[in-house]
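Survey of secondary and tertiary structure
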Amino acid sequence: MLASIGTSVSDCQVMRTLLFFPSKISRIPVVSFGRKSSLKAHSVKMELSITRPDDWHLHLRDGDVLKAVVPHSAQHFGRAIVMPNLKPPITTTAAAVAYREEILKSLPADSDFNPLMTLYLTDTTSPMEIKLARESQVVFGVKLYPAGATTNSQDGVTDLFGKCLPVLQEMVEHNMPLLVHGEVTNPEVDMFDREKVFIETILRPLVLKFPRLKVVMEHVTTMDAVNFVESCNEGFVAATVTPQHLVLNRNSLFQGGLQPHNFCLPVLKREIHRQALVSAVTRGSKRFFLGTDSAPHDRRRKECSCGCAGIYNAPVALSVYAKVFEKENALDKLEAFTSFNGPDFYGLPRNNSKIKLSKTPWKVPESFSYASGDIVPMFAGEMLDWLPSPL
């Protein structure tokens, strides 16, 4: 097992680490001497050097919120697939280009963060819009929101097979991925079963009808989703996994009272499903990759009688992912999940730069202020074990 800060290790243990993880992990010996200057132990600080990650599912909002949150993502990630569910939604290539310019203007002056834009699929999206999107070289996916499934999804698709088939065929022709919020919105379906029902009634028939369509099932939450993704042809169906769905289960919504900052959609599920997600990402499958679904809301819109769904995790995501992989003794597989599987699926080059993850405890801020209020991050005020920093 890999040693943590302050652990006493022998020279042979350090040598084993260097042999098995030569490019992943560095250990900095700190020699400790007693009064007689005799060697007591080697305390080590664990550090990981990994290719700079990307975030394949990110909400940045617009206006003052955008300016407040985009530096947190830009600090850690090279690129991000940016969600289009604004008011009004980003339904055209022209709107996506304009939104991208707004994001770039909100970045710190020295940032090279690259926002990868998406279109919001509607019942009236035209095949020509897909062609324009591909030609733009800034749009990298089309987002399917079933109407009413989540924040600002009221303009989403009401009948995928009845109204969107020409668009889906055009997406196949242009190798444009479909990014799916995988939940049905039928009020008769239990909230905790909506992902499973969506797979059986929408997603499986879709993949059978369009076997060459690239599909990302975003923010998967269940064993059913893991099994479905693994049953599909590799390279055509993949999934993003959030930090919250790897470390929280549905008890986290209610322990100690109602916890609005743990409320997201898809909603947290049973512990058995959380364990299935952890197993899927830590065993090294290429079908799963990092997508935070970081979704900032003003505190007043979370802590109210009808709170918004969404967890703001951008400042802590890499720390949480690292902890999950460490706990499963799978730190050697972290880099593929954070930095390789996503660009490989999208057909994009991997990042050239690297970041460092240090086993250094740090405290998450209680909130982040912006012009109109403040935003509470995931694990606000708590201590986390892993600290990311640029190299």
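Above: the structure in question.
This write-up is about the structure you can find in this document. Every chain is numbered independently, its residues counted from 1 as its sequence is written. Whole-chain, interface and lining totals are the exception, using all residues; otherwise, since this is a predicted model, local features are given only for residues with pLDDT of at least 70 and side-chain atom pairs are given and counted only at 80 or more. Side-chain numbers come from the whole structure's heavy atoms, not from hydrogens or water.

**Quick word on the overall build of the chain**
Put simply, the rule reads: A run of H or I in DSSP counts as a helix once it spans at least four residues, and a run of E counts as a strand once it spans at least two, with each numbered from the N terminus. With a 1.4 Å probe rolled over the protein chains alone, any residue whose accessible area is under 20% of its type maximum counts as buried; one over 50% counts as exposed, and the rest are partly exposed. By definition in these notes, contact holds between two residues if any of their heavy atoms fall within 4.5 Å. Per-residue and other accessible areas follow the Shrake-Rupley method at a 1.4 Å probe size, with only the shown protein chains counted as cover for residues.
Helix and strand content of the chain: 13 helices and 16 strands. Each of the 391 residues in the chain was classed as buried or not, and the buried ones make up 54%. Taking contacts inside the chain between residues at least 6 apart in sequence as the whole, the part at least 24 apart equals 71%. Counting every atom, the chain has about 16,900 Å² of accessible surface; 53% of that belongs to carbon and sulfur.

**Overview of helix 6 (residues 165-173)**
Heads up, the rule is: To obtain the arc, one takes the directions from the helix axis to the C-beta atoms.
Listed in full, the buried residues belonging to helix 6 are V167, L168 and M171. Take helix 6 and look down its axis: the buried residues cluster within an arc of 100 degrees, on one side only. Residues of helix 6 that are exposed and angled more than 90 degrees away from the buried face: P166 and E173. Taken together, the buried residues of helix 6 touch helix 4 (127-136), strand 6 (139-144), helix 5 (160-163), strand 7 (178-181) and helix 7 (194-209).

**Side note on the sheet that holds strand 5 (residues 114-120)**
To keep it simple, the criterion reads: When DSSP finds at least two bridges between two strands, those strands are taken to pair. Every axis corresponds to a line fitted to the C-alpha atoms, with the helix fit spanning only the stretch in contact, and the corresponding angles, defined between N-to-C directions, vary from 0 to 180 degrees.
Taking strand neighbours across the sheet as the criterion, the eight strands line up as 3-4-5-6-7-8-9-10 in an open arrangement whose pairing is parallel. Strand pairing shows two members of the sheet lacking a second neighbour, strand 3 (55-58) and strand 10 (288-290), which therefore form its edges. Along the sheet, successive strands turn relative to each other by an average axial angle of 30 degrees, direction set aside. For strand 4 (residues 79-82) and strand 5, the ladder comprises three bridges, and the chain directions are parallel. If you follow A80 over to strand 5, its bridge partner there is P115. With respect to the sheet, helix 13 (residues 334-346) is in contact with strand 3, strand 4, strand 6, strand 7, strand 8 (215-218), strand 9 (237-241) and strand 10, its orientation differing from that of strand 10 by roughly 115 degrees.

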